[in-house]
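# Tertiary structure, described
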Amino acid sequence: MHDYQAQLALYINGEWHDGGDRRREPVLNPATEEVIGQLPLATSADLDDALTAAAVGFERWRITAPGERANLMRRAAELLRQRAEEIGRLITLDQGKPLPEAIGEVRRAAELLEWDAGEAQRAYGRVVPSPHGLSQSVVRQPIGPVAAFPTWNVPSISPARKIGGALAAGCSIIVKASEETPAAACALVRCFADAGLPAGVLNLVFGVPAEVSAHLIASSVIRLVTFTGPIGVGKHLAGLCAERMIPAIMELGGHSPFIVCDDADVEAALDHGVSGRFRNAGQICTAPTRFLVHARHYERFVAGFVDRARALTVGDGFADGVAMGPLANARRLDAMERMVQDALARSGRLAAGGARIGNKGYFFQPTVLVDVPDDAEAMTTEPFGPLALIAPFEDLGAAIAKANGLAYGLSAYAFTNTASIAARLGAELEAGTVSINHLGGALPETPFGGLKESGYGREGGAESLDGYTTVKLISHLNG
Ligand code: NAD
């Protein structure tokens, strides 16, 4: 087995720190609940060092030519690709997802970095014609050192998105990656170090999340915060940013509707719906969760969903043929049990699953609930676990209203074979991404982010550097 512990270290000003007399926190394998490593936590002095390093690193990186920044990012992405299998194993070990999924995630992280490298060279400005003899240039400049807080459910993609945007724009960055799934972030940072990134441009710390975020965001060095995680934490961090009037990119939760219209290809909807719901044990913010199915197909859809859910092999992500691993932490297991009990107490019906598997490891059955009232916890709060909620509808307008009825607005899905219905759904569903007749996905070339309480700002696509740059008008009166 890979030496997991050897990965775990802080990276500050171009140097690795793997412990000393720092406090440490155990990292668990969610499939076995065994301790697989001891993660060093940053001291207050470490955070100050990271801030100083980021300030100095920014002065150097901001004047590094975009082509040079892009080349270095591409070298790091290539190293990441070469190390994908090894890093995938680290992810399966601390996060739990099946190994092929974990390796695929690392490869996707490399693609995201390559996309952002290209955007470094496309951060165009413009010249604005003037009737008054002025030369008016609008330029984009890097916003400054960034404090980044990626999430635990995609331990490679989430830091890669934030590092990619920052470095491509010419910003330096301090990443506080997840303490529960730290190894992939360490491995990613190692790729940048090995690619020759100058000291201070990229720093990696771990710690007590609330202490680290309060410390970093209060510093005048930090000019932007980027966070992926729950809405409540996002609001808290946005409040800290407001105190310093600095902007933030917030990628928060979702509770995504999946509408199956009366003219839909039901089998295709089932294939996509089941795989989307149970991928990563349901711990994906864009996953479809609320299945709204036209009454004509309702019974067939529920039966098909239940059959497919029961056929999924749940087990250790390292085992062959496993479709779904454990939940990533005990909190999700507790949440699944609570949401199922609450739904059943409110007249919901269990169509499949509903219980923990075994008593070692955070395994939970792929679960299907029907007839769940709208005020049940699972209907109003993102499940973030292997729990599907299916309800019938008669009128498409009512289904759209229900889809839009929560404070979330991250992703929405629909299946229909009628162009005018597809157009209506695209126009009326309140979500940052609407995917019709497929599962969508946060691709490198497309913008990803939410509406409403799902957050603001975008990662990826032509918008990738928007949050990491400021717009400046330079106006020159010609003599
Ligand atoms: P949690 O409150 O324990 O923490 C969530 C994440 O936020 C962790 O990575 C934690 O380190 C970080 N965090 C918490 N307080 C922080 C602070 N003050 N400053 C900086 N970081 C802080 O929640 P959880 O149990 O991990 O997840 C709960 C819910 O969050 C899930 O059910 C899901 O709905 C949502 N979630 C969404 C995403 C996403 O991709 N949008 C990712 C993870 C969790």
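The preceding data block contains the structure.
Parameters and conventions
- Residues numbered from 1 in each chain as written.
- Predicted model: local features only at pLDDT ≥ 70, side-chain atom pairs only at ≥ 80, totals over all residues.
- Heavy atoms only, no water.
- Helix = DSSP H or I, 4+ residues; strand = E, 2+ residues; numbered from the N terminus.
- Rg over C-alpha atoms; globule rule 2.2 N^0.38 Å.
- Buried < 20%, exposed > 50% of the residue type's maximum accessible area, 1.4 Å probe, protein only.
- Areas by Shrake-Rupley, 256 points an atom, 1.4 Å probe, with all protein chains shown as cover.
- Axes fitted to C-alpha atoms, helices over the stretch in contact; angles between N-to-C directions.
- Parallel < 35°, antiparallel > 145°, perpendicular 65-115°, else oblique.
- Left-handed = near helix turned anticlockwise from the far one by under 90°.
- Contact = heavy atoms within 4.5 Å.
- Pairing = 2+ DSSP bridges.
- Nonpolar A, V, L, I, M, F, W, Y, C, P; charged D, E, K, R; others polar.
- Near = heavy atom within 4 Å.
- Polar contact = N/O pair within 3.5 Å; in protein donor to acceptor, adjacent residues only side chain to side chain.
- Core = buried A, V, L, I, M, F, W, Y, C linked by side-chain atoms within 4.5 Å.
- Expected span 1.5 Å × (residues − 1).
- Disulfide = S-S within 2.5 Å.
- Salt bridge = Lys/Arg side-chain N within 4 Å of Asp/Glu carboxyl O.

## What to know about the overall build of the protein chain
For the protein chain, the count of helices and strands is 14 helices and 20 strands. Expected size for 479 residues packed as a compact globule is a radius of gyration near 23 Å; at 23 Å, the protein chain falls within 12% of this value. Taking the principal axes of the C-alpha coordinates as reference, the protein chain spans close to 75 × 65 × 40 Å. By residue count, 56% of the 479 residues in the protein chain fall in the buried class. With an accessible surface of roughly 18400 Å², the protein chain has 53% of that area assigned to carbon and sulfur atoms.

## Describing the packing of helix α2 (residues 66-82) against helix α6 (residues 183-195)
Between α2 and α6, the least distance of the axes is 8 Å, while the angle of their chain directions is 130°. For the element pair α2 / α6, the angle class is oblique. The two elements α2 and α6 cross, and the hand of that crossing is right-handed. Taking contact as the criterion, the partners of L72, M73, R75, A76, L79 and L80 in α2 are, on α6, L188, C191, F192, D194 and A195.

## A short note on the sheet that holds strand β5 (residues 126-128)
Spatially, 3 strands are ordered β5-β6-β20 in an open sheet, and the strand pairing comes out antiparallel. Strand pairing shows two members of the sheet lacking a second neighbour, β5 and β20 (469-477), which therefore form its edges. Each strand of the sheet is rotated relative to its neighbour by a mean of 25°, with strand direction disregarded.

## Let's talk about the sheet that holds strand β16 (residues 387-393)
Within a sheet, neighbouring strands are paired by backbone hydrogen bonds and run either parallel or antiparallel to one another. Pairing is mixed in the open sheet, where 7 strands are placed in the order β14-β15-β16-β13-β12-β17-β18. Sheet topology places β14 (349-352) and β18 (433-436) at the edges, where each strand pairs with a single neighbour. Strand after strand, the sheet turns through a mean of 25° between neighbouring axes, direction not considered. Pairing geometry for strand β12 (residues 256-260) and strand β17 (residues 411-415), over 3 bridges, is parallel. Bridged to V260 within β17 is F415. Seen against the sheet, helix α10 (residues 298-311) touches β12, β13 (288-294), β14, β15 (367-370) and β16 and runs at an angle of roughly 170° to β16.

## Quick look at the packing of helix α7 (residues 209-218) against helix α8 (residues 231-244)
Relative to each other, α7 and α8 sit at 20°, their axes nearing to 10 Å. Considering the angle they form, α7 stands roughly parallel to α8. α8 is crossed by α7, and the crossing has right-handed handedness. Of the residues in α8, those touching α7 at S213, A214, I217 and A218 are L237, L240, C241 and R244. Considering only residue class, the contact of α7 with α8 consists of 6 nonpolar, 1 polar and 1 charged.

## Some words on the site of the ligand
Around the ligand sit 23 residues in total, of which T151, W152, S213, R331 and E382 are the nearest. P209 places a polar main-chain atom, nitrogen or oxygen, 3.4 Å from a nitrogen atom of the ligand. Here an oxygen atom of the ligand and a side-chain polar atom of E382 are 2.4 Å apart. Taken by itself the ligand offers 810 Å² of open surface, and the protein chains cover 83% of this. Looking at the shell around the ligand, the elements with two or more residues in it are α7, β10 (224-228), α8 and α11 (330-345). Here the residues of the shell around the ligand sort into 10 nonpolar, 7 polar and 6 charged.

## Some words on the environment of V306
Among the secondary structure elements, V306 is positioned in helix α10. C-alpha of V306 to C-alpha of G457: the two residues are 151 residues apart in sequence and 37 Å apart in space. Each residue touching V306, except ones within four places of it in the same chain, is listed here: A351, A352 and V368.

## Quick word on the nonpolar core
Within the largest apolar cluster, 90 residues are counted, with the highest numbers of intra-cluster contacts made by L167 and F192. Contacts of L167, omitting those with residues within four sequence positions, involve W61, R69, M73, I173, F192, L197 and V201.

## Some remarks on helix α1 (residues 44-61)
End to end, α1 covers 25 Å across 18 residues, agreeing with the expected 26 Å (1.5 Å per residue, within 8%). When we look at burial in α1, the residues that qualify are D46, L47, A50, L51, A53, A54, G57, F58 and W61.

## Re the state of the cysteines
Throughout the structure, instances matching the rule amount to 0 disulfides. Between C285, a free cysteine, and C241, which holds the nearest cysteine sulfur, the sulfur-to-sulfur gap is 19 Å. The class of C285 is buried, set by a relative accessible area of 15%.

## Considerations on the pattern of salt bridges
Following the criterion strictly, the structure yields 26 salt bridges and no others. For R308, the salt bridge goes to D271, with nearest N and O atoms at 3.1 Å. Of this pair, R308 sits in helix α10 while D271 sits in helix α9 (residues 266-278), and the two are 37 residues apart along the sequence. You can call R308 partly exposed: its relative accessible area is 23%. A single salt-bridge network, built from bridges that share partners, covers E267, D271, R300 and R308.

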